Amino acid sequence: MKLSYTVLEGEYARAGEASSAVKKVLKQLGVPAPVIRKIAIAMYEAEINMVIHANGGVVDVDILPDKVFIQLTDTGPGIPDIEMAKREGFSTASDEARDLGFGAGMGIPNMIRNSDFFNIKSEVGKGTTVEIAVNL
Amino acid sequence: MGYMNTMQKHHSVELIPDKCIGCTDCIKRCPTEAIRVRNSKATIDENLCIDCGVCIRVCRNHAKRAVTNGLDVINDKRFKYKVVIPAPSLYSQFLRNTSINAVLTALKRIGFDDVLEVSRAAEMVTEETVKVLKEEARLKPMISSACPAVIRLMAMRFPSLMDNIMPVAAPIDVAASAARRMAMRKGYKADEVGVFFISPCSAKATAAMYPIGMEKSDVDGVISIADVYLPLRNIMAKLDPSEYEDLCQRSFEGMGWAATGGESADARIENAIAVDGLENVIRVLEQVEDGQLDDVDFIEANACMSGCVGGPLTVVNGYVARNVLKKVRANAASIPTDRGRAVDIPKGSVNLRLTKKISAANLQRFGQDMGEAIKNMEDIEAIYAQLPHIDCGSCGAPNCNAFAEDVVLDGIPVEDCIFMMRRKVKELAEEMADLAKKMPQTMTGD
């Protein structure tokens, strides 16, 4: 089954609504708890990144009997060095933001750790597409 | 959904059918969407009810109640020695008398042989909680096991967080088991001792009858604060302070547990979240599930606003009760330390741990396997798309989404939605009008 959500630009207070809705559906479908947890963490990280770094975007979710596939597409600034962004601890957050506890550099590593398939495509000035799949 | 309208197994919240007028107040407020109106009466789905008591609170016809024992239980001849274990929220109910000994003396005069304060047990639970956090906790955050409505909610809606539940017994169970052992040391046999809990809420009443995380509870009966309030008040009004027995066990820290924040304050856990009200609890648990609160040590979650003092079986408004509780504790702390009896509960004499793993509820409402569940979910989405999305409740379901589920999973006719019915009538009427315009061939032509 296919689900689609729009993540709004600048709406930090509403970030996480799409992951929350997906979690609800997965629970109703009877997806095992550890799998839901992985999807929840990976998708939340990706969704929040879309709000903070891009101008929001679209989340498409496809739930199949054996896996969940999530694609997040934005038209934001793009990531200049993806390999760098994948590293633990890497963050573009300012020192002030880090002092506040942001920018631990765990966003993408968390997505990778909690997915069975992960792919990120980005073009500076055009946008970023993140693909996450978790096996059921 | 189930269709039974009397009390369900494993639940204390029930409907009084004669009082229910079939309005939609409760269905829309139930946090687990467990209620439907069928045949003009609310029906509670036993698989979904968590006994939080919100429906008891919101029903303007008082058609919901929690099944508790009532004061008659004191006359039960099976018990030769009766110990009452009052929840600390009880002390917060008397605006004009904040003496703990007054409340406890009055309780004894109602017909109990001894008193053991649940707040005393709460302090033992606190010690154990601190120990677990220091020595054993593998997961962050650990979530308090004290509120049974929250635990039932988690079993249903947050299956991935079951391992985060603090493996420590709830104060009421520790108090009950300590009370029985106390009486047994006086020479009574285990089954001659009756332990009665004075409860602020329906969820604790259920948990006493159908324990969570243990085989059997030591609680023999549950009496609601609402039922004991007037008798207590009447006795207290007649008591002269010189008649107060010194029954208070000086567990003033433990008393703090009755209001939100008290549990973590008692344990001196700085990095804790104290959350109350089921909507807020759900939001915080969602964040835990998303991995956003991995650096928090402890979450104290209460289903009721203000905590247990705001329980559905209390008498006083929760916010007022909180103020009274503060006064009770302040007054009590000024009692000289040589007063107040220290109750001897030897270490190791009562079990402080959950003995049974709390497991997630296996609902499988949407289908036996993923294929079937996905198919049903797609059908639900398709029905939902046709509905008006104004969540009016006229169909008996709390919102259009729940109604779409009922249509697909329970075979409820889609015309139970008055908008769908109206659309169908309109289509039929248009069809009839079209038909009426058609003349038979024999009558047409020139």
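Residues numbered from 1 in each chain as written. Chains lettered and ligands numbered in written order. Predicted model: local features only at pLDDT ≥ 70, side-chain atom pairs only at ≥ 80, totals over all residues. Heavy atoms only, no water.

(A) Examining the overall build of chain A more closely. Scanning chain A for helices and strands turns up five helices and five strands. Secondary structure elements in chain A, listed N-terminal to C-terminal, are β-α-α-β-β-α-α-α-β-β. Sorting the 136 residues of chain A into buried and exposed places 48% on the buried side. At a minimum sequence separation of 6, the contacts of chain A that also span at least 24 residues come to 60%. As presented, chain A carries roughly 6,700 Å² of accessible surface, and 53% of it is formed by carbon and sulfur atoms. (Helix = DSSP H or I, 4+ residues; strand = E, 2+ residues; numbered from the N terminus. Buried < 20%, exposed > 50% of the residue type's maximum accessible area, 1.4 Å probe, protein only. Contact = heavy atoms within 4.5 Å. Areas by Shrake-Rupley, 256 points an atom, 1.4 Å probe, with all protein chains shown as cover.)

(B) Layout of the pairing of strand β2 (residues 57-63) of chain A. Among the seven residues that make up β2 of chain A, five are buried, leaving the element largely enclosed by the rest of the structure. The antiparallel pairing of β2 of chain A with strand β3 (residues 67-74) of chain A creates a hairpin that spans three residues between the two strands. (Pairing = 2+ DSSP bridges.)

(C) Layout of the interface of chain A and chain B. Contacts between chain A and chain B engage 19 residues on the former and 22 residues on the latter. Buried area between chain A and chain B, summed over both chains or domains, comes out near 1,800 Å², and the portion from carbon and sulfur atoms is 57%. Three residues stand out in chain A for area buried against chain B, namely Met-1, Gln-28 and Arg-37 of chain A, and they jointly supply 34% of the buried area on that side. Taken together, the links from chain A to chain B amount to four salt bridges. Residues Lys-23 of chain A and Glu-289 of chain B are paired through a salt bridge, measuring 2.9 Å at the closest nitrogen-oxygen approach. For the pair chain A and chain B, the interface holds 10 residue pairs in polar contact (both at pLDDT 80 or more). Of all the elements in the fold, those that place two or more residues in the side of chain A that touches chain B are α1 (17-29) and α2 (33-52) of chain A. With seven residues, the top contributor of residues to the side of chain A that touches chain B is α1 of chain A. A breakdown of the residues in the side of chain A that touches chain B according to their chemical character gives 13 nonpolar, two polar and four charged. (Buried area = accessible area lost by both parts, 1.4 Å probe. Salt bridge = Lys/Arg side-chain N within 4 Å of Asp/Glu carboxyl O. Polar contact = N/O pair within 3.5 Å; in protein donor to acceptor, adjacent residues only side chain to side chain. Nonpolar A, V, L, I, M, F, W, Y, C, P; charged D, E, K, R; others polar.)

(D) Layout of the sheet that holds strand β8 (residues 193-199) of chain B. Residues and elements named next belong to chain B. Pairing within the open sheet is parallel, and its four strands lie in the order β6-β5-β8-β9. Whereas interior strands pair on both sides, the edge strands pair on one side only; in this sheet they are β6 (114-115) and β9 (221-224). Strand direction decides the pairing type here: strand β5 (residues 81-86) and β6, joined by two bridges, are parallel. When the bridges of β6 are listed, Val-84 appears paired with Val-115. Against the sheet, helix α3 (residues 100-111) contacts β5, β6 and β8, and its axis sits at roughly 145 degrees relative to β5. (Axes fitted to C-alpha atoms, helices over the stretch in contact; angles between N-to-C directions.)

(E) Here's a closer look at the domain arrangement of chain B. According to the domain assignment, chain B consists of domain 1 (13-66), domain 2 (71-333) and domain 3 (370-437). A C-alpha centroid distance of 45 Å is found between domain 2 of chain B and domain 3 of chain B. (Domains from an automatic or database assignment.)

(F) Examining the packing of aromatic side chains more closely. Scanning the entire structure with this criterion turns up four aromatic pairs over all chains. Relative to Phe-196 of chain B, the ring of Phe-79 of chain B has its centre 5.7 Å away and its plane inclined at 80 degrees; by these criteria the two rings are edge-to-face. One end of the pair, Phe-79 of chain B, is in the loop between β4 (64-66) and β5; the other, Phe-196 of chain B, is in strand β8, and 117 residues separate them in sequence. Every member of this aromatic cluster is reached through a ring pair, and the members are Phe-79, Phe-112 and Phe-196 of chain B. The positively charged end of Lys-27 of chain A is found above the aromatic ring belonging to Phe-158 of chain B, 4.2 Å away from the centroid. (Phe/Tyr/Trp six-rings, centres within 6.5 Å; stacked < 30°, edge-to-face > 60°. Lys NZ or Arg CZ within 6 Å of the ring centre and 35° of its normal.)

(G) Quick look at helix α14 (residues 400-410) of chain B. When α14 of chain B is considered as a whole, its buried residues turn out to be Cys-400, Ala-402, Phe-403, Ala-404, Glu-405, Asp-406 and Val-407 of chain B. Buried residues in α14 of chain B make contact with α1 of chain A together with β2 (35-38) and α13 (370-386) of chain B. At the exit of α14 of chain B stands Gly-411 of chain B, carrying a positive phi of roughly 70 degrees.

(H) Layout of empty space enclosed by the protein. Residues and elements named next belong to chain B. This model, assessed by the stated rule, comprises seven cavities of 30 Å³ or more. If you add up the space inside the largest cavity, you get close to 190 Å³. Sorting the residues of the lining of the largest cavity by element identifies α4 (118-136), α6 (171-185) and β11 (298-302) as the ones contributing at least two each. Of the residues that constitute the lining of the largest cavity, the class distribution is 13 nonpolar, two polar and three charged. Looking at the second largest cavity, it is lined by 13 residues, and the ones nearest its centre are Ser-145, Ala-170, Asp-173, Ala-207 and Ile-212. (1 Å grid on protein atoms, 1.4 Å probe; cavity = no way out; pocket = protein on both sides within 12 Å on 5 of 7 lines; lining within 4 Å. Points joined across faces, edges and corners; volume = space filled by probe spheres on them.)

(I) Examining the pairing of strand β5 (residues 127-135) of chain A more closely. Residue and element names in this part refer to chain A. For β5, a buried count of eight out of nine residues is recorded, marking the element as mostly surrounded by other parts of the structure. Of the strand pairs in this sheet, β3 and β5 are connected by eight bridges, and their pairing is antiparallel. Bridge pairing in β5 links Thr-73 to Thr-129. Where strand β4 (residues 117-123) meets β5, seven bridges bridge the pair, whose relative direction is antiparallel. The partner of Glu-123 across the bridge, within β5, is Gly-127. Hairpin remark: β4 followed by β5, antiparallel, with three residues in the connecting loop; positive phi at Gly-125, about 85 degrees.

(J) Focus on the state of the cysteines. Using the criterion set out here, one finds zero disulfides over all chains in the structure. Looking at the unpaired Cys-392 of chain B, the closest cysteine sulfur is the one in Cys-395 of chain B, lying at 6.1 Å. (Disulfide = S-S within 2.5 Å.)

(K) Broad picture of the pattern of salt bridges. All names here are of chain B. For the structure shown, the criterion picks out 33 salt bridges over all chains. One salt bridge in this structure joins Asp-406 and Arg-38, with 3.2 Å as the shortest N-O distance. Pair noted here: Asp-406 is in helix α14 and Arg-38 is in strand β2, with a separation of 368 residues, a long-range link. Connected through shared salt-bridge partners, Arg-36, Arg-38, Arg-365, Glu-405, Asp-406 and Asp-410 make up one network.

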